[in-house]
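Summary of structural features
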Amino acid sequence: SSTSTPRATACQCKAGFTPGASNGFLCSPCAAGKYKAAIGGAACTPCASGTSSNQAATKCTCGPGLDGSGLFCTPCAAGTYKS
């Protein structure tokens with residue numbers, strides 16, 4: 001009976017990082033204005049209009065005067081403000 005050695009699998013980039021342009025072996029942080037929520041080999045996704053993110057973000061945030069999850073932002077209620 002022979003034993004087999006497990007084959008190496010591709011490394012995954014953590015959330016907020018995407019495979020680099022050179023052969024995918026190095027992970028690069030998502031640029032400001034982009035995000036990646038999950039571990040894997042996917043590219044970073046641009047933030048929706050009215051949202052922003054810092055470098056290596058795992059989500060986008062709503063801009064000033066807007067409230068929400070970062071996926072969907074709505075204007076703040078009358079008489080309120082978010083900076």
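Report on the accompanying structure. (Residues numbered from 1 in each chain as written. Predicted model: local features only at pLDDT ≥ 70, side-chain atom pairs only at ≥ 80, totals over all residues. Heavy atoms only, no water.)

Section: the state of the cysteines
- Considering all chains together, one arrives at 4 disulfides under this definition.
- Here Cys30 connects covalently by a disulfide to Cys44, the sulfurs 2.0 Å from one another. Between Cys30 and Cys44, the disulfide has an S-S torsion of -80° and is therefore left-handed. On the criterion of sequence distance, the pair formed by Cys30 in the loop between strand 2 (27-29) and strand 3 (34-35) and Cys44 in the loop between strand 3 and strand 4 (45-46) is long-range, its members being 14 residues apart. (Disulfide = S-S within 2.5 Å. Helix = DSSP H or I, 4+ residues; strand = E, 2+ residues; numbered from the N terminus.)

Focus: the environment of Cys30
- Take Cys30: its relative accessible area is 0%, and that puts it in the buried class.
- When the C-alpha atoms of Cys30 and Ala57 are compared, they prove to be 6.5 Å apart, with 27 residues separating the residues in sequence.
- Each residue touching Cys30, except ones within four places of it in the same chain, is listed here: Gly16, Phe17, Tyr35, Lys36, Cys44, Gln55, Ala56 and Ala57. (Buried < 20%, exposed > 50% of the residue type's maximum accessible area, 1.4 Å probe, protein only. Contact = heavy atoms within 4.5 Å.)

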